[in-house]
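Tertiary structure, described
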Amino acid sequence: ADMRSAGSRALKAKARTEPRADLRDAPETLDPPSNFGIVEQQVYRCGMPSTANYPFVQQLKLKTVIILPGEAPKRLLTTFFVENSIEVHTLGLRHWRPKVSWKPISDELVKEALQLVLDRDRHPIMLCDSRGHNEVGM
């Protein structure tokens, strides 16, 4: 019994003297936007990035982002794109119209998005919608 308690005391003493890992020194975790996916090399799709996703998005070294919903991105996100020299195309705002047909998105939006995606000079490119599976999944 004495040997066990002596060993236990030695372990506790060692634990007190060893430096603890400081979380501030830990590498930053990369958190992708919701429903992030690789469509093909240098073509990505996802939901709208939040501030928690910015380090991940920076790692992609994007040249272009296509915003598909019929709403403007939040100012913080727009600022992030500007600060990182990412060209933004808000196609949803240009092609939005009341839902009067069975088509979830207009032919014009699809055509313009495809023209942008097929232009390899704009790659890496990322398509965003509100959740990352509605418009970008089409």
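Everything quoted here is computed from the prediction, not taken from an experiment. (Residues numbered from 1 in each chain as written. Predicted model: local features only at pLDDT ≥ 70, side-chain atom pairs only at ≥ 80, totals over all residues. Heavy atoms only, no water.)

Brief notes about the overall build of the chain
- Of regular secondary structure, the chain possesses five helices and five strands.
- Within the chain, buried positions represent 32% of all 138 residues.
- For the chain, the accessible surface area stands at approximately 9800 Å², while carbon and sulfur atoms represent 53% of it. (Helix = DSSP H or I, 4+ residues; strand = E, 2+ residues; numbered from the N terminus. Buried < 20%, exposed > 50% of the residue type's maximum accessible area, 1.4 Å probe, protein only. Areas by Shrake-Rupley, 256 points an atom, 1.4 Å probe, with all protein chains shown as cover.)

Section: the pairing of strand 3 (residues 64–67)
- Residues of strand 3 alternate between two faces, with Thr 64 and Ile 66 on one and Val 65 and Ile 67 on the opposite face, all of them buried.
- One ladder, built from four bridges, connects strand 3 with strand 4 (residues 87–90); its direction is parallel. Its bridge partner lying in strand 4, Thr 64 is registered against Glu 87.
- Regarding topology, helix 3 (residues 75–83) serves as the crossover connection from strand 3 to the parallel strand 4, and that connection is right-handed.
- Of the pairings in the sheet, the one linking strand 3 to strand 5 (residues 125–129) comprises four bridges and is parallel in character. Paired with Ile 67 across the two strands is Cys 128, which belongs to strand 5. (Pairing = 2+ DSSP bridges. Right-handed = clockwise from strand over helix to strand, strands pointing away.)

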